Structures are given as C-alpha cells and as structure tokens.
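# A look at the structure
Take a look at the letters that make up each chain.
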Amino acid sequence: MSFAWAKQYEPQSGFTKWIDEKLPLPRLVYNAIGAGYPVPRNLNYMWNFGVLAGFCLVLQIVTGVILAMHYASNTEVAFGQVEHIMRNVNWGWMMRYAHANGASFFFIVIYLHIFRGLYYSSYKAPREMIWLLGVVIFLLMMATAFMGYVLPWGQMSFWGAKVITGLFGAIPFVGEPLQVWLVGGYAPNDSTLNRFFSLHFLLPFVIAGVVILHIWALHIPGSSNPTGVEVKKESDTVPFHPYYTAKDGFGLGVFLIAFTFMVFFLPNFLGHPDNYIEANPLSTPAHIVPEWYFLPFYAILRAFTGDLTIPFTGIVLIQAKLLGVIAMFGSILVWFFLPWLDKSPVRSGHYRPMFKKFFWFGLIPTMIVLTICGGAPAEEPYVLLSQIFTAYYFLHFLVILPIVSQIEVPKPLPFSITEAVLGSDKEPAAQPA
Amino acid sequence: MTIRLAGIIAGLGITAVLVLWSLVPGVIALVTGPPAEKPAYYAFKEKPVEPEGGFSFAGPVGKWDYAQLQRGYSVYKQVCSACHGLKYVAFRNLEELGYSEEQVRAEAATWNVPGIDPDTGEATMRPALPTDYFPNPYPNNVAAAAANNNAIPPDLSLMTKARKDGSNYVYSLMNGYVDPDPEKLAAAQEKGFETPMGLYFNPWFENVNLAMPPQLYEGSITYDDGTEASVPQMSADIAAFLTWTAEPTLIKRKQTGWFVIAFLLFATGLAYMSYKQIWAGQKPKKK
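Each value, and the rule that gives it
- Residues numbered from 1 in each chain as written.
- Chains lettered and ligands numbered in written order.
- Predicted model: local features only at pLDDT ≥ 70, side-chain atom pairs only at ≥ 80, totals over all residues.
- Heavy atoms only, no water.
- Axes fitted to C-alpha atoms, helices over the stretch in contact; angles between N-to-C directions.
- Helix = DSSP H or I, 4+ residues; strand = E, 2+ residues; numbered from the N terminus.
- Parallel < 35°, antiparallel > 145°, perpendicular 65-115°, else oblique.
- Left-handed = near helix turned anticlockwise from the far one by under 90°.
- Contact = heavy atoms within 4.5 Å.
- Expected span 1.5 Å × (residues − 1).
- Bend = angle between axes of the 7 residues up to and from the residue.
- Buried < 20%, exposed > 50% of the residue type's maximum accessible area, 1.4 Å probe, protein only.
- Buried area = accessible area lost by both parts, 1.4 Å probe.
- Salt bridge = Lys/Arg side-chain N within 4 Å of Asp/Glu carboxyl O.
- Polar contact = N/O pair within 3.5 Å; in protein donor to acceptor, adjacent residues only side chain to side chain.
- Core = buried A, V, L, I, M, F, W, Y, C linked by side-chain atoms within 4.5 Å.
- Nonpolar A, V, L, I, M, F, W, Y, C, P; charged D, E, K, R; others polar.

Turning to the packing of helix H3 (residues 49-68) of chain A against helix H10 (residues 240-265) of chain A, a few remarks are in order. Residues and elements named next belong to chain A. The N-to-C vectors of H3 and H10 enclose an angle of 55 degrees; their axes lie 10 Å apart at closest approach. The orientation of H3 relative to H10 falls into the category oblique. The way H3 lies across H10 gives a crossing that is right-handed. The segment H3 lies against H10, with Val51, Leu52, Phe55, Cys56 and Leu59 engaging Phe240, Asp248, Gly251, Leu252, Phe255, Leu256 and Phe259.

Okay, here's the thing in structure tokens:
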C-alpha cells in the first residue's frame, strides 16, 4: 500500500504498544496522513484542496448538526424557525451563516480540486478509481446542497424545488407518477420538506463514507504530482507529516480568512434576497435561479430550446425539456469516462501544448460563460451563448480530448520528480542543521 | 478505442441536436422575428440610492445610530403598523434600541395583542407584554386583502433582506413617490403603459406601479427628539429601523468578524512561518 521506504509506525510506550496490538488506529493514521505516507515533494498549492474539502465536510456536519437541533421541518413553521435560529439562539446567526456560506465554499474548493484533476489528468491510470469515487462524491454533494437549500422554506427554496423535481416529469411514460412519488404530492409540500430534511441529514454521512473510499484508493498508488512523472525513489518524496501537514495548515489559514470574511461581512452576498420571503405556492418569483454553484449545469439544461422532431412531419421524437435533462446529467456523467477518453500517456497539462490551449482557452471560459448564462434570464444573447458553450462543453470532453490525446506531441518529461525539482537527479543537498 | 469512438459519436450527436434543433431555429427567430423588447415600465426603473450621508451601519465598521433607530420605530408605530406586521420582532428586542426595561414594559403595554380571557376562555385583546411579538394588524390574509384592494401588505420584519440592496431600497421607495418624467411617460404610454386606478407610480418598485399609497408627508409625525420630520428623514429612519428588524445581530456580526479575522491573520502568519521553516532546504534554489 505504500512505498518501500515509507517509515513504519513504532509504538514507544507500553500503552501505545498495547493499543497497537488491539486496535492499530494510530498506525492507520500514521500511514494515512502521518510520517508513514511518502508524498511527491513537488506538489503545488493546487494539491491543498483535498484536505480543504475534507475540512469543509466536517465544518458542514458540525454546523449542520447544531442547526438541526433548533430547526423544524414543517412547512408551517420552518421559515420562522430559521429566523428563531438567527435571532434567539445563542450564536445561531453565526452557525447559519457559516453553514450557508460553508456550502458555497465547499463547492469553490471542490471545483478547484476537480480543475486540478482535469489539468494534471489525475484521473489517469493508476488513479481511475479515485476519480470515479470523486465524481460520486460530487453528485452526492449536489443532491445534498439542493435539498439543504429547500429547508429554509423561502421563495427560492420552494420554486427551486419545484423546478428541479419537475425535471423528473420529463422522463417519458413514468415521469409524472415518478415526480409525484418523489415529491409526495403535486407540488413541494410538508412531505417534501420532511423527506428532504431527513435525506439532507443522512447524505453527508454517506459522503463521508465515500470520502474514506476515495482516500483509501488514493493511498494505493499515492498522490499524483504536477510533473505527472510517477515516484521512482525516496528522493522523490517527503513524508506527509510534517511537510504537508505544515503546508495544509497554512492553506487552511488562507481558506479560513476568505471564508470568515464572507460569513461576517457579506453573509448574504452569495444567496438570493427572495429566500428571505416565506414560500408562497401562489406567487412565482420573476426569475427562478438555483444557487451559484449549479448555474453552469442550469445553463446546459436551458440551452435545449427546441424539440427534436423529424423535419417537415412535426413528429416529436424527444421533447426539449427531456433533451435538457439528459444533457444536464450527461454533462457530469461524461466525467466518469474521462480516464478512457483521454489516452495521452502524459498526465500533466504542463507538458501537453495542445491540451493546455484547449483547457485554458476552451474549457475555463466555457465554465465562466455558462455560469453567467445560468444566472441570466432566458433571453438573448444568453440563450445563444449557452447553446454555443454547451456544445463546446460536450465537444471538449467527448471529441477534442480523444483526438488531441491521439495527435498531440508532448514536450519531453523530466526523468524524475527529483530532477524536476532540483534540476539534476542527484540526492538533494544535506539539510542545514 | 471503443469508448473513444463512442465518445466522439456521442459528442458530435449532442452537438448536432443542439445546433440543428435549438440553435439554428433560435438564430432564425432572432433574425427574422420582431426584436425582443423589455416591458414598457423598464424605462422608469431606478436603482436604489442611499440617503444623504449614507447609513451609519453600512460598511465594515458601521454602528447603529440608536437615535435614528428610535425615530424609525416611531415611524413604524405611527404609520406602517396600521397595515404591516413585524412578526419576528418581540417587544423585549426594543431594549437593543437603547430603551430601559421599564420603558419597554410601558411601550409594550401601549399595544394590544390577541389574548384569552382568563375567566371565560374567550378570545380577547390584552395589552402586550415584553415577551410578546409585534401583532399583525389584520386577523388573517383574507381580511388584509379585503381592506387593501386585494394587495396583502407584507410583513416588514425581513424586508431589507428580502430585497436587493434592501436598506437603500426601502429608503428610495418610501422617498420615491414622484410624477413620471413626462417624456418617458409619453413614450411608454404608446407601448401601453399606464398606472391603473388604485395603484401609485414609484420608479423604485418592481414594476413601478405600487398598491401602497404614499405614506410619508412633511410633518406627518412628530419626533420625540425634535428632529424635523421631512420625507427623506422619515424614509431614512424607517429604512434604518427595518434594517435592524431584519438583522438585529448586524453590528455584533461585523465586530466579531474583526476579531476572528485578526486572529486568523496572526495564526496564518505563524502557519506560514512554520511551513517555510519545515521546508527550508527541501526547495530548490531559484536560478
């Protein structure tokens, strides 16, 4: 499970020896995030986001469990109960703002983590399973975040729930009964709120379980690194502790400064004012928009404006709504196939000139434009832009990546990580005392 | 190889469906169809403006202006409370505006809230206690709609958070009953714009025609502290008061934030130095 030169856990005292025999948990931690885990020595700051994502999950569970102690999932009282937390519960406002902004920051961290994986092709063999589990975690996060946003029972909660559950209605034949069954009625109601609360409490623990698998799978090949050259010998690595615990500690500090700045000074900046109006099934908001982290996918959903018909006959094969739903789910499902779509033997984007151009001038602008379009009203030029960039999104992953990986001439790779870091593959100079 | 081939076919297929059935018809409609137009009222719409001198609570070091909050409370009590509730605010909360416990008890007693007759058990009205919440002026939404030309006056507790740029919005709206610009009006009327009977023109409202008549007039209330009750003054005061009702913890939040960020800057500085020290000798020298 690890490199031959990994340090072994050696219990010193009688007590730790006794523990190590009965339940070698300290040994597990030592090998997972301690000195017993050799990590490439050349990781850059983009490798901080895995630990930060884990921190976000813990933050959300802790604040969420506290909020659940004061919340009530009943449509009659839910909105007022959230105000009770904001006004009467000691430090309740801080818990709620931390939880709401924590969700946003969790997604910021996860998006950076995913972009790291895409740019450095972390999904390639031997790390396919880590990537697949990561996509599962992302899907679970989306479900959890969506259901969490419904709980305050504001206008956007209600209408967002209505729009998103309505997507299931697009499925042919079984769509409508399926939607009624999932929602527990024809529109979001008390049953919906109760089941969403129940699942919103459950899913984070499911995520935690998949995170354990994700990290387990990571420890088999070990971390990837910015050169994409695999670890060859001991001089390529440093032990996780103290080297990366120290670096992650600094990264966590920077993250917390940005996070607490939003919590204490702009707590509602990423939210929508309409969610401070209690849900009213009789009054539709002017623009129903999801939370910012769903906007690119919402833009893909709305890009499909025309039914797929047989020309000149008027026979509808697939309705526009269903096309949008398929595309929206498909936009994430394609990630599952990435390890096999991109066959370039070179991992790091640094050494892939063509890939790099498509990444920075194709994919990144696409995600930005789709985010803007998802938040804009369904009018021109946003519809046209979301159509063009949705097309690019799918072309990028399904057509460009396979072809580029076939025809691209990569730049020469360094012989080893040691060479990439030190300029020559000799043992690093002795550390100054 | 099979997956890549399937991927390329799927990618081209999705693109073809999107381009041929959605994008092309969209472009054709865009070119041949009539240009999309915003509704006529858009010509009048104004962005919220801040009162002269701004709000004391704005910005990262903002503070409540307690005299202003108390003035805003009297505007609410004497004007707004006739139609609008404040259901998430309790009378005890008024202590945060600088009133003493006795003052709050006396102030609460000037309000009537629904109660139960202790002898007969029948519904009755009783003077409010500090623990009571502000009462809704109407017994239910039907009564509220019937009394107000079918427009239900919304609860004001959260109004400044429920609108974009809420504090400035409330100020601008209350201060914003003006006559429409005659030139813009003539142009808009050609497109069918009108202010129907029973509605009032206000360029800060969502669709510029508002069911609430102008409420604030020069001197319509008298302030205890002798401040001249001009319309902009009352508008700013009620906006400040409603900012407090929407988020009583606003100032505490910002003050806490300074401590938290100061601590984190210090801790992160330490973390940076230990990171650099631990890594010393492991990083290549820059050439």
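Right, let's talk about helix H13 (residues 353-375) of chain A for a bit. All names here are of chain A. Over its 23 residues, H13 runs 33 Å from end to end, which matches the ideal 33 Å to within 8%, given 1.5 Å per residue. Largest kink in H13: about 35 degrees, centred on Phe359. Turning to H13, its buried residues number three or more, namely Phe355, Phe359, Gly362, Leu363, Ile364, Thr366, Met367, Val369, Leu370, Cys373 and Gly374. Looking at the buried residues of H13, the elements they touch are helix H5 (92-119), helix H11 (295-303) and helix H14 (382-407).

Our next topic: the interface of chain A and chain B. Tallying the contact residues gives 68 residues for chain A and 55 residues for chain B. Buried surface at the junction of chain A and chain B, both sides included, amounts to about 5,300 Å², of which 69% is carbon and sulfur. It is Arg87, Phe264 and Phe265 of chain A in chain A that bury the most area against chain B; as a group they hold 13% of the surface buried on that side. For Glu278 of chain A, the salt bridge identified is with Lys87 of chain B, shortest N-O distance 3.7 Å. Counting every contact that joins chain A to chain B gives 15 residue pairs in polar contact (both at pLDDT 80 or more). No other element matches H10 of chain A, which puts 16 residues into the side of chain A that touches chain B.

Core analysis: the biggest nonpolar cluster contains 128 residues, and Phe107, Leu118, Trp131, Phe138, Trp335 and Phe397 of chain A have the highest contact counts within it. At 15 residues, helix H6 (residues 128-150) of chain A tops the list of elements feeding residues into this core. Contact partners of Phe138 of chain A, with chain neighbours within four places excluded, come to Phe107, Ile110, Tyr111, Ile114, Phe297, Ile332 and Trp335 of chain A. Of all hydrophobic cores here, the second largest spans 46 residues; its members include Phe57, Leu86, Trp111 and Trp244 of chain B.

Looking now at the packing of helix H4 (residues 78-87) of chain A against H5 of chain A. Residue and element names in this part refer to chain A. Here H4 crosses H5 at 115 degrees, and the two axes come no closer than 5 Å. On H5, the residues that touch Val82, Ile85 and Met86 of H4 are Gly92, Trp93, Arg96 and Tyr97. Classifying every residue of the contact of H4 with H5 gives five nonpolar, one polar and one charged.

All names here are of chain A. The end-to-end C-alpha distance of helix H9 (residues 190-219), which contains 30 residues, comes to 44 Å, matching closely the 44 Å that a straight helix rising 1.5 Å per residue would cover. Residues Thr192, Leu193, Phe196, Phe197, His200, Leu203, Pro204, Ile207, Val210, His214, Ala217 and His219 constitute the buried set of H9. Where H9 begins, the capping side chain belongs to Asn189, and its oxygen is found 2.7 Å from the backbone nitrogen of Ser191.

Here we come to unusual backbone geometry. In this model, Ala125 of chain A is joined to Pro126 of chain A through a cis peptide bond whose omega is 10 degrees. Relative to the elements of secondary structure, Pro126 of chain A occurs in the loop between H5 and H6. Note that the residue after Glu380 of chain A, namely Pro381 of chain A, is joined by a cis bond; omega there is 5 degrees. Position of Pro381 of chain A among the secondary structure elements: in the loop between H13 and H14. The phi angle at Ser121 of chain A is positive, at roughly 45 degrees, despite the residue not being glycine. Mapped onto the elements, Ser121 of chain A comes out in the loop between H5 and H6. Residue classification places Ser121 of chain A among the buried positions, given a relative accessible area of 0%. Even without being glycine, Asn150 of chain B reaches a positive phi, approximately 75 degrees. Mapping Asn150 of chain B onto the fold places it in the loop between helix H4 (141-147) and helix H5 (166-174). According to the relative accessible area criterion, Asn150 of chain B is exposed, its value standing at 67%.

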